[in-house]
Amino acid sequence: MALRARALYDFRSENPGEISLREHEVLSLCSEQDIEGWLEGVNSRGDRGLFPASYVQVIRAPAAEPPPPARYANVPVGGFEPLPPPAAFKPAAQQPPPEPFPAPPAGYPFPPYGGSYQPSQGSDDDWDDDWDDSSTVADEPGALGSSYPDYEAAGGAPGRYRLSTRSEPSLGSRGGGLPPGHPHPPGGGGAAKSSATVSRNLNRFSTFVKSGGEAFVLGEASGFVKDGDKLCVVLGPRGPEWQENPYPFQCSIEDPTKQTKFKGMKSYIAYKLVPSHTGQQVHRRYKHFDWLYGRLAEKFPVISVPHLPEKQATGRFEEDFISKRRKGLAWWMDHMCSHPVLAQCDAFQHFLTCPSTDEKAWKQGKRKAEKDEMVGANFFLTISVPTGPGASLDLQEVESQVDGFKAFTKKMDESALQLNHTANEFARKQVTGFKKEYQKVGHSFKCLSQAFELDQQAFSAGLNQAIAFTAEAYDAIGDLFADQPRQDLDPVMDLLALYQGHLANFPDIIHVQKGALTKVKESKRHVEEGKMELQKAEGIQERCNIISFATLAEINHFHKIRVRDFKSQMQHFLQQQILFFQKVTQKLEEALHKYDSV
């Protein structure tokens, strides 16, 4: 007798090896024994794979053929919690499916949104004992972490207002007495189902979930938004754009100096920052840059925060490394100041303007940034998009544009890697091979000159001197080749490194937007089937529209800044190449003129 099961709820597969289910669908089971909360079987479309055991009800029915052998019977047990039944669905970090799919183990501490960010570890960039203390941001006046009791009691105040995407049905309609906004799977745990709901991603480690995009699209975001926190998207000639910073500025990074503390027991490099809008210099260590990057990468899930230059465990105080890091930080700072959103962020402004000697002010601003409530799902509440006739986006066109940009970033990443490899190899040849070969030629001319000097006749002295000068010219040309990569190829590779960081950010940004589009498509299907109210589906589409506006604005900013940077850098590269060959030509012309008097 074959084992079968009936699907109680819709389930959309998220990972390889899973299969999708439709409510009331009958499936064939490979085994009645679940594997870490998952069953294996074959759906009505012939697809075979895993699905949540709590989403089906096992039934028994005769079958002509024996069930297929289970492929996942040898999956190791342990390390994952079984998927809970719908009535007890957890809103917190959900464990991924069991092996054979790769996933972090239970309790794995995934990094802040952005994936590539890792806090500083070891060396002179460790947090000092005086970097923080045990006080909390709630103790500080004006801190973001407070609960705003005055606003709740008085119904708000000028400059700050409460935004919410939640619907507030009665407790009974949510099933199981769950509070409003509490996540729950389809069905509501025994309550009568009045309408279908958009399913949640079972992979709680996906960027769409971790960034808060899913919670926002499903209408669970709620928080106070200050006027200063609003991020405006406007319609420009190329489509959605971030509203320009009304007070643009730049910031130079100069004079990296080695400093000590604890009576010389600890050494570090401090960089002098001079913002143009204040004119007041401050000193920051790499650990300060690293902290700021972590905060921004977590706060802005649809903005490409530029990556910092790589850390280095040894050789931190070598002159070449310090110079290279300063140039990398200068590029990073330029992109930060050029971004209309990042440049005006409170955490960034605190980083630029807080006096280096005022530890109390620094710690207060640091804790305020760390207690910022406008992160995760609430971040999307701060985005203001165009409204009115002609302001809405066609989601099919948005999807096409995003797919085109995805293909563009893939190709650009491949080309950047190739150019970086080629430039690095060419620079290595110039520093070692070309220098050696030119100086070998110079040495040969010098040997010839020394041989001719054995002739003591006066009329040959001029020729001997000219050949000796030619030898010196080739020796100098070898030095020019060795020094040239610093002038032209190194700046190109520094720019490529910065953009490779941006290109690494965009898959996560695109994933958030794609996840929102998926929820819209699912809600539309429910409306067509009469399982969801049109108003609820329109709310999901409206929130997806906000994410789409922000994504397209970030894509447009990337292209705008890319054209500016590569135009400037290619001009610099060619100018330096021309100067280099002019120097080579000058050396050869000087050698040539020596033969005029022979």
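Residues numbered from 1 in each chain as written. Predicted model: local features only at pLDDT ≥ 70, side-chain atom pairs only at ≥ 80, totals over all residues. Heavy atoms only, no water.

As recorded by an unreviewed UniProt entry, the chain carries the name SNX18 protein and is attributed to Mionectes macconnelli. Reading the Subcellular location (unreviewed entry) entry of the UniProt record for the chain gives the comment "Cytoplasmic vesicle membrane". Among the UniProt annotations of the chain, the heading Sequence similarities (unreviewed entry) holds the following wording: "Belongs to the sorting nexin family." (UniProt positions renumbered as here; feature names shortened; annotations may be inferred.)

Caption draft 1: Just the nonpolar core, in detail. Counting 80 residues, the largest nonpolar core has Phe216, Leu273, Phe289, Phe300, Met333, Phe348 and Phe351 as the members making the most contacts within it. Residues contacting Phe289, with those up to four places away along its chain left out, are Ile253, Tyr271, Leu273, Arg284, Leu308, Leu329, Trp332, Met333 and Phe351. The next biggest cluster of nonpolar side chains, apart from the first, holds 15 residues, and it includes Leu3, Tyr9, Ile19 and Leu21. (Core = buried A, V, L, I, M, F, W, Y, C linked by side-chain atoms within 4.5 Å. Buried < 20%, exposed > 50% of the residue type's maximum accessible area, 1.4 Å probe, protein only. Contact = heavy atoms within 4.5 Å.)

Caption draft 2: The arrangement of the sheet that holds strand S11 (residues 266-275) in detail. Across the sheet, which stays open at both edges, the three strands sit in the order S10-S11-S12 with antiparallel pairing between neighbours. Of all strands in the sheet, those with a lone pairing partner are strand S10 (251-261) and strand S12 (282-285), marking the two edges. For this sheet, the mean angle separating the axes of adjacent strands, direction not counted, is 35 degrees. Pairing between S11 and S12: four bridges, direction antiparallel. In the sheet register, Leu273 faces S12, and the bridge partner there is Val282. Against the sheet, helix H5 (residues 286-299) engages S10, S11 and S12, with an angle of about 80 degrees to S12. Sheet contacts for helix H6 (residues 319-338): S10 and S11; angle to S10, the most-contacted strand, approximately 135 degrees. (Pairing = 2+ DSSP bridges. Helix = DSSP H or I, 4+ residues; strand = E, 2+ residues; numbered from the N terminus. Axes fitted to C-alpha atoms, helices over the stretch in contact; angles between N-to-C directions.)

Caption draft 3: Quick look at the pattern of salt bridges. Applying the stated criterion to the full structure yields 25 salt bridges. Linking Lys324 and Asp494 is a salt bridge whose minimum nitrogen-to-oxygen distance equals 3.4 Å. Taken together, the positions of Lys324 in helix H6 and Asp494 in helix H11 (residues 489-528) put the pair 170 residues apart, joining distant regions of the chain. A relative accessible area of 53% means that Lys324 is categorised as exposed. Residue Asp494 is classed as buried on the basis of its relative accessible area of 14%. (Salt bridge = Lys/Arg side-chain N within 4 Å of Asp/Glu carboxyl O.)

Caption draft 4: Region of interest: the packing of aromatic side chains. Applying the stated criterion to the full structure yields 25 aromatic pairs. Judged by centre distance (5.5 Å) and plane angle (90 degrees), the rings of Phe434 and Phe481 are edge-to-face. Within this pair, whereas Phe434 is found in helix H9 (residues 395-452), its partner Phe481 is found in helix H10 (residues 461-483), the two being separated by 47 residues in sequence. Judged by its relative accessible area of 26%, Phe434 is partly exposed. You can call Phe481 buried: its relative accessible area is 9%. With a centroid separation of 5.8 Å and an interplanar angle of 55 degrees, the aromatic rings of Phe445 and Tyr474 are classed as tilted. Separated by 29 residues along the polypeptide, Phe445 in helix H9 and Tyr474 in helix H10 bring together distant segments of the chain. Exposure remark for Tyr474: the relative accessible area of 22% places this residue in the partly exposed category. (Phe/Tyr/Trp six-rings, centres within 6.5 Å; stacked < 30°, edge-to-face > 60°.)

Caption draft 5: Seen up close, the sheet that holds strand S13 (residues 383-384). Judged by pairing direction, the sheet is mixed, and its three strands sit side by side in the order S9-S8-S13 without closing on themselves. The open sheet has two edge strands with one neighbour each: strand S9 (239-242) and S13. Pairing of strand S8 (residues 231-236) with S13, which is carried by two bridges, proceeds in the parallel orientation. Note on S13: the bridge partner recorded for Cys232 is Ser384. Across the sheet, helix H12 (residues 534-593) is in contact with S8, S9 and S13; its angle to S9 comes to roughly 80 degrees.

Caption draft 6: Summary view of the side chain of Lys272. Secondary-structure assignment places Lys272 in strand S11. A residue is classified by how much of its surface remains accessible, and Lys272, at 16% relative accessible area, is buried. Once you skip the residues sitting within four places of it in the chain, Lys272 turns out to touch Ser252, Ile253, Glu254, Asp255, Gln281, Val282 and His283.

Caption draft 7: The arrangement of the environment of Asp255 in detail. Structurally, the position occupied by Asp255 is in strand S10. Given the relative accessible area of 44%, Asp255 is considered partly exposed. Spatially, the C-alpha atoms of Asp255 and Ser323 are 9.7 Å apart, while their sequence positions differ by 68 residues. When sequence neighbours within four positions are dropped, the list of residues in contact with Asp255 reads Ala270 and Lys272. Polar contacts involving the side chain of Asp255 include one to the side chain of Lys272, which spans 3.1 Å. (Polar contact = N/O pair within 3.5 Å; in protein donor to acceptor, adjacent residues only side chain to side chain.)

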